[in-house]
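One-letter residues, chain by chain:
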4 protein chains.
Amino acid sequence: VNLPPPKVGAPARRMSRSVRKALALCHVLESERGELSATRLAAEVLSLYKGFDLAGQREFFAALMEDFSPSPKEIVSAAADYAEQPTAKNLAVLQKAVEPPRRELFRRLNMAPGATVELVQMRRQLLGQLKANPEWEPMSEDLAYLFTSWFNRGFLELRRIDWRTSAFVLEKLIEYEAVHAVQGWDDLRRRLASDRRCYAFFHPAMPDEPVVFIEVALTRGMAAAVQPLLDPASAVFDSQQADSAIFYSITNCQDGLRGVAFGNLLIKQVVEDLQNEFPRLRKFATLSPIPGFRDWLKTNRAWIERDGRYEGLFASLEYPLWPNDAAHARRLEEQLIPLCAHYLVLARAKGKPVDSVARFHLRNGARLERINWMGDTSVTGMRRSAGLMVNYVYRLEELERNHEAYRHEGKVSASYDIDAMARKGEPATGA
Amino acid sequence: VNLPPPKVGAPARRMSRSVRKALALCHVLESERGELSATRLAAEVLSLYKGFDLAGQREFFAALMEDFSPSPKEIVSAAADYAEQPTAKNLAVLQKAVEPPRRELFRRLNMAPGATVELVQMRRQLLGQLKANPEWEPMSEDLAYLFTSWFNRGFLELRRIDWRTSAFVLEKLIEYEAVHAVQGWDDLRRRLASDRRCYAFFHPAMPDEPVVFIEVALTRGMAAAVQPLLDPASAVFDSQQADSAIFYSITNCQDGLRGVAFGNLLIKQVVEDLQNEFPRLRKFATLSPIPGFRDWLKTNRAWIERDGRYEGLFASLEYPLWPNDAAHARRLEEQLIPLCAHYLVLARAKGKPVDSVARFHLRNGARLERINWMGDTSVTGMRRSAGLMVNYVYRLEELERNHEAYRHEGKVSASYDIDAMARKGEPATGA
Amino acid sequence: VNLPPPKVGAPARRMSRSVRKALALCHVLESERGELSATRLAAEVLSLYKGFDLAGQREFFAALMEDFSPSPKEIVSAAADYAEQPTAKNLAVLQKAVEPPRRELFRRLNMAPGATVELVQMRRQLLGQLKANPEWEPMSEDLAYLFTSWFNRGFLELRRIDWRTSAFVLEKLIEYEAVHAVQGWDDLRRRLASDRRCYAFFHPAMPDEPVVFIEVALTRGMAAAVQPLLDPASAVFDSQQADSAIFYSITNCQDGLRGVAFGNLLIKQVVEDLQNEFPRLRKFATLSPIPGFRDWLKTNRAWIERDGRYEGLFASLEYPLWPNDAAHARRLEEQLIPLCAHYLVLARAKGKPVDSVARFHLRNGARLERINWMGDTSVTGMRRSAGLMVNYVYRLEELERNHEAYRHEGKVSASYDIDAMARKGEPATGA
Amino acid sequence: VNLPPPKVGAPARRMSRSVRKALALCHVLESERGELSATRLAAEVLSLYKGFDLAGQREFFAALMEDFSPSPKEIVSAAADYAEQPTAKNLAVLQKAVEPPRRELFRRLNMAPGATVELVQMRRQLLGQLKANPEWEPMSEDLAYLFTSWFNRGFLELRRIDWRTSAFVLEKLIEYEAVHAVQGWDDLRRRLASDRRCYAFFHPAMPDEPVVFIEVALTRGMAAAVQPLLDPASAVFDSQQADSAIFYSITNCQDGLRGVAFGNLLIKQVVEDLQNEFPRLRKFATLSPIPGFRDWLKTNRAWIERDGRYEGLFASLEYPLWPNDAAHARRLEEQLIPLCAHYLVLARAKGKPVDSVARFHLRNGARLERINWMGDTSVTGMRRSAGLMVNYVYRLEELERNHEAYRHEGKVSASYDIDAMARKGEPATGA
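Before going into details, it helps to say that this report is about the structure given with it. (Residues numbered from 1 in each chain as written. Chains lettered and ligands numbered in written order. Predicted model: local features only at pLDDT ≥ 70, side-chain atom pairs only at ≥ 80, totals over all residues. Heavy atoms only, no water.)

What follows is about the relation of the copies chain A and chain B. The two copies are related by a screw motion: chain A maps onto chain B through a turn of 180° and a shift of 0.0 Å along the axis, at an RMSD of 0.1 Å. One copy is carried onto the other by what is essentially a two-fold rotation axis. In this assembly, 100% of the residues forming the interface of chain A have copies in chain B that are likewise at the interface, indicating an isologous arrangement. (Least-squares fit on C-alpha atoms with pLDDT ≥ 70 in both. Contact = heavy atoms within 4.5 Å.)

Set out below in structure tokens:
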């Protein structure tokens, strides 16, 4: 390839040699001239990119922003034409003018073998630098725009993960699991035993990379605590006796796909598949963390401390051995559960529930079913929610109704008990 | 699903019930509310669509144009804001304003199982109605925009087609082959014998539908005539003795993908793969039709008849038995080959070669190598080009150079012989 | 390989060079020395064998009989030792003495890639020469002994054949179908439509070669005639409405596996699989030919003609146009059906039913359910059984009982109607 | 199934109920009556068998020996007939008489799904009881006879094992590896990295159970020590730079297949495959233990101690810290290597080399190439061979010659150096 001459008159940009080379190849690739050799050019650019350190990535991103953004002049001119004559042709010209050349560049980069993984990786690295360079946001959005199209549900493949899956993929599960970390292969093996199910979405162009995965336990009765489920030494339950499917972990694997949602699709699909495989299942529920509860307690310390019902609460919580002290623990349970119900059902930030996990499941149309004392006694569980966990129930026939009520009225669908407790947990009059 | 009430005040549209239903579902699907049930809604819409007759399709297309086009008012307003303040945020708003809601609708329709095939089909049917309804062009472009993204080379899978392929796919080859029709299974079997290769691109979401396929014969010497290659009774050649790979047919299978090009990528890939499998291959060439030659002769009849060298040409061509008359045939050969060289190398329409097949291969960087007398003696071959065929040679190392010269200077890369003949074939001075 | 010297003193055998070479390689292969290079040696022998014409095969078979038979002297000596002292050790020696070295030779020949197909072929050719060389029977039995072990049900794979199957395998079906010949690909396609099922057993070492296959039609009511099932233009029935599965063809594909039975295993397996896939199926029945009926009529012409009930029968049958003559046909139907019932239920040869197809299904435990007039109007059907066909019903729960009764008491399990007719069809007293 | 009545007059056998039931089912299964329901009967027997404890197995084995052995009376009678008239027919009768009914029973047991694994398991358990019940040897031989036929090379599938293999199979490798135990998944992962190869033979009826596997390291130069190869933290070598393939572990996985050899076939196949994949490989060699060396030293202590060259040898070896003491170690190296060469090349038991690993590779036609000091410094390596290891080289073109020389003349093929040392290591005159 003969690289194009540097732009005349442009101020010299400080770029390392390999960034300069990658950029020059990008220019060829994005031009009509690159069409014929796109596969090779794309592979070269991505190979160079992989060699960049953080500084190199920074130079590269900055240059892409500079060289492959839409031209304001063209946009303004096309917009003016359209304003004057809103014809289909003028609209097409305007559409073309606002489309960042980066998108076409990224589309062509994707022609190299294995490129999709690399582009998802590139966005991950871009997101990592967004705080320092907020002006790159549009480029991140361009990638997200493409990913939304490429990772369309119609292209995703649901695969069951079990002990017959390749070590290559299983290793990824160990690496990615974010909710309850996998402690090595024996732990993983237990999570894939015959009373468990694990499913993931895969994209055909990334056959070894799960996009999102979910872990399910088949149980009798709705599980209230996660440690028994995570115990590698626990006995394997006869799945034919199960009446409940407990979703105890759902993990988005690809940071680079942030904002391109799949979790809700996966849950719905898995509920349907499990119903077919086990017609006796009566309940589909999560066993979920409440990540923001203790932070919220702290923020609301003022009124809680003023409320007689919660006397001594904060002192008790600070006493590290309270879980071993039955009286302490009982007292805390009586105080925390109504507060937690209040937190989940009534507390709001920007009009939405404060808790991020609650927002996810409620938006999906699930309903808050039960708060579980000592549900997660891990260090993290204690630190984030004093050990509390919650079950969200997925009933296919009410998902859409709940979803609508949540979106339009902000209504939190909850069981009678939780609703009642939430109201009880409210600040006393005058608080 | 509770369908939304009809728009108040809108003039009643005449639509059959099922079109009305499909349209209502489209509105739900495209709204946020549809997110949760997208898969099911999409499946319902596509199922209704499949039941539409031509009139129903027409109603549906018209309604999609009406209801899911961008709002000129919003565009103009966003354009004005941008013109005043060309910020990233205003650009994003403008981008959103010009993006037709149809695109998101089509993206969501694609979430149903098997939807991709249906959407490709939908565009095929849309294209069929474009002549009568040119105002639907933007909708066709929206689908093309999505297809370009979805059918990215990085997502296409190259598969070899042979006698081990499923009858399901083989049947599609018989159905789609457009260059030299397949005369049943015996003919197909011969085309997949050990001295032949057939490759196709497939998309993971359409595993039984080839996107484009190519047929190759492994030969000794560059084949000059296609009938021997098509003869089901011809002897199978020992492919290890081959020094040439002859691409004698390339077929785009999906009319709905018109304008989304793959043929050039397929040829390049196949050249590379064959080089690996058969290191002794020295020549990669097509054996191609010249579809526009006789039409061009007619159009240029005036000057040709004036030119003494071509005396009697048209009369001879009209004599149906000339191929059986050696003297006639020899005379015609002497006259037609220089004219054909002229037609391929020098004749221009809008600055480009007149012949559509020539345009395709020249744009790919191939070079015109040889014109073959009696290359295709089928009825079609005689009618379109008086039996002439041409070999285009693909040399990987010169593709890019030829492509550039073709695009920028309109240069037709041709062998010395053809170049010389083309000049000889030119109208005599004064013509 | 250094071939061993010719046996001293042995009379010169007249063998072509390549047979001599193959034989010498067999000697090396069968010896301990051949162990290390067995794969290569076996491949060479089989490649030579494939080049033999009939005469070469004859020489080769004769030589194998001569050189690789057990030694009578050794047998007699080992037998004497055993008679004197029937110890485990002496038994082992005797077992070794009676085992023909051919078996080990064939086992080692099987080590070459693709050898199993070749050995099955070899037995087919051997069987073809058995009539002329009955002394080779033991060698055919040695192969059968090995095949019984190799083609154990535990090693066979049941595969469904449909339009997604490779053309390679489908073509074999067209080639092998012996009951109702397949008239090309369109006919085959109809036989694999959604209201049909086709299953085959495959052996892992012969992945492209079906061992036995069965064709099933899903119907409403028990089919009485085969031509409607074979009609490529017949409408496809909605298989979810079916209450019957009709086995209308079962074909053993490999002549070389004669005597190694699979048909009964296949039918049982398919009945079980279909019951799982279509719980509404109530009846599993064949629609079978009666190949020996008209031959039997001829053989029994004497008494039949004497019996007043059958007056004019033979004359009518000889009148070729009787199927078109309603009166004739009705009369024949009244006469032939009782005779056919008699033939199937009561006629015996060597204590067993005369009809070979009847023997097969009755031995499997099926029961004779119905005789069908004009069941097969093809030339063959008319010639063999005057167009009659029969349904055998497979009821899983009674197969074993019927099988036992058939084997021990020779009892033919039949419907009440057929039983009654069979008795009516019997020769009149004194006949 | 109606079970047959107990044999009249037979002395009551003491068997647990489930053994009795299994045995009764075996009788039905082996009879003609069982043919039709063989699959189900076999599955029942194997399911019962799996529930047996050691005592139950013992009862079952004893009963099989009693009930399914050939009849001495029949054998003697058939033998007498044959001695009188050695016809093909009489031979067939005798062959049938000496064939233990157990073989047919085992063949039919194999018809159940998954039965092959169970039968291999059964023989493993039988072998475990042979010492206490040597009279069951013939039954073990019957199974071996069948396995030899079933596990014919032509039916085995060579599969590469790598990190894409299922965890199910990989776990088996960890479990079975007998030469250098695998220390968990990280160790295994290193052994499957890109500079390693692992291959296994699989049988189609046991798709998750490797039959035998081999581990190979691609190196530059012939590896002399195994610890660097086993180090999970060792750097991955660029396999394209390798000139040697080192077989550092070969493991027979199935004890139940004892005596049915595959290891030599696997090595040869892998050498061929590696040569194709890496044409630059020049050397194919093992890095093998010398398991019997120190035992042999002890047995031969008398003459060694008398020989002045080996003064202090035994005392040094007993000093546990000698490997850390350079002077000691150097002295031991000088003494042990010639003795080891002598042990490998010249020491004999029953005419064959004393060392079991040496016997295996020499029989395969490999040659002793080099003795490696401190080749295996593991506890086992030190205990068995004072840390010595040996390379056997596989040269395809000389395997057969070496094999022949070894088998007929007992010749140990060794490098010049080892040969020379072996002679030097010999007992001094008079020893």
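There's more to say after this.
On the chain B side, the residues contacting the 49 residues of chain A number 49 residues. Taking both partners together, chain A and chain B bury about 4,300 Å²; carbon and sulfur atoms supply 56% of that area. Its largest share of buried area at the contact with chain B, chain A owes to A:Leu36, A:Phe155 and A:Glu400, together 16% of the area lost on that side. Linking chain A to chain B there are two salt bridges. Residue A:Arg40 pairs with B:Glu400 through a salt bridge whose shortest N-O separation is 3.4 Å. In this structure, the connection of chain A to chain B is made through 16 residue pairs in polar contact (both at pLDDT 80 or more). (Buried area = accessible area lost by both parts, 1.4 Å probe. Salt bridge = Lys/Arg side-chain N within 4 Å of Asp/Glu carboxyl O. Polar contact = N/O pair within 3.5 Å; in protein donor to acceptor, adjacent residues only side chain to side chain.)

What follows deals with the pattern of salt bridges. If you walk through the whole model with that rule in mind, you get 104 salt bridges over all chains. Measuring nitrogen to oxygen at the nearest pair gives 2.7 Å for the salt bridge that ties B:Arg309 to B:Asp307. A relative accessible area of 37% places B:Arg309 in the partly exposed class. Taken together, the shared-partner salt bridges in this structure form one network comprising A:Glu99, A:Arg102, A:Arg103, A:Glu104, A:Arg107, A:Arg108 and A:Asp142. (Buried < 20%, exposed > 50% of the residue type's maximum accessible area, 1.4 Å probe, protein only.)

Residues and elements named next belong to chain B. Relative to strand β5 (residues 283–286), strand β4 (residues 244–252) is paired through four bridges, and the arrangement is parallel. Residue pairing in the sheet places alanine 245 in a bridge with phenylalanine 284 of β5. Crossover β4 to β5 through helix α12 (residues 263–277) is right-handed. (Pairing = 2+ DSSP bridges. Helix = DSSP H or I, 4+ residues; strand = E, 2+ residues; numbered from the N terminus. Right-handed = clockwise from strand over helix to strand, strands pointing away.)

So, on to the interface of chain D and chain A. On the side of chain A, eleven residues touch chain D, which itself brings eleven residues to the contact. Interface of chain D and chain A: buried area, both sides summed, is about 1,100 Å²; carbon and sulfur atoms make up 52% of it. The largest share of the area that chain D buries against chain A comes from D:Trp163, D:Arg164 and D:Trp185, three residues that together contribute 47% of it. Inspection of the chain D/chain A interface yields four salt bridges. Note that D:Glu171 is salt-bridged to A:Arg189, the shortest N-O span being 2.3 Å. There are twelve residue pairs in polar contact (both at pLDDT 80 or more) connecting chain D and chain A. Of all the elements in the fold, those that place two or more residues in the side of chain D that touches chain A are α9 (167–176) and α10 (184–191) of chain D. Residue contributions to the side of chain D that touches chain A peak at four residues, all from α9(D). For the side of chain D that touches chain A, a count of residues per class yields five nonpolar, two polar and four charged. (Nonpolar A, V, L, I, M, F, W, Y, C, P; charged D, E, K, R; others polar.)

Since there are 3.6 residues in each turn of an α-helix, residues three or four apart along the chain are aligned in direction. All names here are of chain A. In a regular helix each residue adds 1.5 Å, so 14 residues correspond to 20 Å; helix α2 (residues 38–51) covers 20 Å between its end C-alpha atoms and thus fits that length. Within α2, burial applies to Ala38, Leu41, Ala42, Val45, Leu46, Leu48 and Tyr49. On an axial view of α2, the arc spanned by its buried residues comes to 160°, and they lie on one face. Relative to its buried face, α2 has exposed residues pointing more than 90 degrees away, namely Lys50 and Gly51. On the buried face of α2, the contacting elements are α1 (17–30), α3 (54–67), α6 (101–109) and α7 (115–130). (Expected span 1.5 Å × (residues − 1). Arc of directions from axis to C-beta.)

Coordinates in, geometry out; function isn't part of it.
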